[in-house]
Amino acid sequence: MPTRIDRYPVAPEGAGPYGIAVGSDGRMWFTAVAEGWIGALTATGVVSTFPLDPPTCGPMAMTAGPDGALWYTRRDHMIGRITTTGEITSFALPTADAGPYGIAPGPDGALWFTEMNADAIGRITVDGEVTEHPLPVSGAFPAYLVAGPDGAMWFAANAANAIGRITLDGEATLYPLPTENAAPVGITAGVDGSLWFVEIGAGQVGRIDASGRVEEFALPDPEARPHAIACTPDGDLWFTEWGVGRVGHVDGDGRVKEHDLGRGAEPHGIVADATGAVWVALEAGEIVRLAVS
């Protein structure tokens, strides 16, 4: 079936749209990592911007919170929160230089996040109370994470070459990947009860079930550098190919279809809305919408 691609210029070249999430107000919210602001995009292409303090804070991954606000990680080792009216709050972490990166709502009504530099998974309540859970290995470099169908949080342990699972009380398990140096980054929950992830080092998409059994599907271009992945309400899996400026789609049998966005697009964050359309943040300065017609 044909796929319609709509492009929305949202930022100057170099501003670095990176993380993206669907807001409770229906707008697409995104981070501008290089210039230090948060943006919101309407369906008609109107952009609103909200500067952060300091502008060098480096907002990264973003998610919609259970409180109706948007939550995001920052390179200055803080967690940020912005309401749909633009009210901004930031929360310092107990561990200095923790390196928060991925962030996602948990089944317990809190936000969970990874700490790349601290080898830990963090939890923050909507009131800003932070708990940190150390991982059982050093140098894991946990990246994105997502709530699994089993009531636990699942995460990509990039440098440990594994997919991790952590219970709500902090008990962590790592499942090594079959491919060496696969370097998983993005992860999402599929409607099939599995977790789907992308391997930026191996140019593959993977699937892991609740028992830890892993399948891997090679992309047509092993240098594609897949970065983030999202699942639509009907179960389609879409992912960004940062290295080659494409967005890919994979079905349950591992068949891949790709859509070219331009060599310099640098697609990073990806999210699906309630209609099944997929929205992608391009570091080149655009938000792209893909919809199967």
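Figured I'd write up the structure that's included with this text.

## Remarks on the layout of surface pockets
The computed volume of the largest pocket comes to approximately 630 Å³. What lines the largest pocket is a set of 28 residues, among which Ile20, Met62, Thr63, Ile270 and Val271 lie closest to the centre. When contributions to the lining of the largest pocket are tallied by element, the ones reaching two or more residues are strand 2 (17–22), strand 6 (59–64), strand 10 (100–105), strand 14 (142–147), strand 18 (184–189), strand 22 (226–231) and strand 26 (267–272). Residues belonging to the lining of the largest pocket are distributed by class as follows: 22 nonpolar, five polar and one charged.

## Comments concerning the pattern of salt bridges
Scanning the model with the defined rule gives 16 salt bridges in all. Aspartate 150 is paired through a salt bridge with arginine 165; the nearest N and O atoms lie 2.7 Å apart. Separated by 15 residues along the polypeptide, aspartate 150 in the loop between strand 14 and strand 15 (153–157) and arginine 165 in strand 16 (residues 162–166) bring together distant segments of the chain. Residues joined by salt bridges that share partners form a network here, namely Asp221, Glu241, Arg246 and Glu258.

## A look at the side chain of aspartate 273
Position of aspartate 273 among the secondary structure elements: in the loop between strand 26 and strand 27 (278–282). Despite its burial, aspartate 273 pairs with no opposite charge; the closest candidate is arginine 289, at 4.7 Å N-O. In terms of polar contacts, aspartate 273 uses its side chain to reach the side chain of tryptophan 279, at 2.9 Å.

## Some details on the sheet that holds strand 17 (residues 172–176)
Hydrogen bonds along the backbone pair up the strands of a sheet, which may run parallel or antiparallel. The four strands lie next to each other as 14-15-16-17, forming an open sheet whose pairing is antiparallel. Whereas interior strands pair on both sides, the edge strands pair on one side only; in this sheet they are strand 14 and strand 17. Adjacent strand axes in the sheet meet at a mean angle of 25°, parallel and antiparallel pairs treated alike. Two strands pair when backbone bridges link them, and strand 14 and strand 15 are joined in this way by four bridges, in the antiparallel orientation. Paired with valine 146 across the two strands is tryptophan 154, which belongs to strand 15.

## A short note on the side chain of threonine 73
Counting through the fold element by element, threonine 73 comes out in strand 7 (residues 70–74). Threonine 73 gets classed as buried once you look at its relative accessible area, which sits at 0%. Of note is the side chain of threonine 73, whose polar atom sits 2.6 Å from the backbone oxygen of tyrosine 101.

## Concerning the sheet that holds strand 22
On the basis of which strands lie adjacent, the open sheet formed by four strands has the order 22-23-24-25 and antiparallel pairing. Bordering the open sheet on either side are strand 22 and strand 25 (256–260), each of which pairs with just one other strand. Averaged over all adjacent pairs, the angle separating strand axes in this sheet is 25°, with direction ignored. When strand 23 (residues 237–241) meets strand 24 (residues 246–250), the two strands line up antiparallel, connected through five bridges. Within strand 24, the position partnered with phenylalanine 239 by the bridge is glycine 248.

Rules used throughout
- Residues numbered from 1 in each chain as written.
- Predicted model: local features only at pLDDT ≥ 70, side-chain atom pairs only at ≥ 80, totals over all residues.
- Heavy atoms only, no water.
- 1 Å grid on protein atoms, 1.4 Å probe; cavity = no way out; pocket = protein on both sides within 12 Å on 5 of 7 lines; lining within 4 Å.
- Points joined across faces, edges and corners; volume = space filled by probe spheres on them.
- Helix = DSSP H or I, 4+ residues; strand = E, 2+ residues; numbered from the N terminus.
- Nonpolar A, V, L, I, M, F, W, Y, C, P; charged D, E, K, R; others polar.
- Salt bridge = Lys/Arg side-chain N within 4 Å of Asp/Glu carboxyl O.
- Buried < 20%, exposed > 50% of the residue type's maximum accessible area, 1.4 Å probe, protein only.
- Lys, Arg positive; Asp, Glu negative; His and termini not counted.
- Polar contact = N/O pair within 3.5 Å; in protein donor to acceptor, adjacent residues only side chain to side chain.
- Pairing = 2+ DSSP bridges.
- Axes fitted to C-alpha atoms, helices over the stretch in contact; angles between N-to-C directions.

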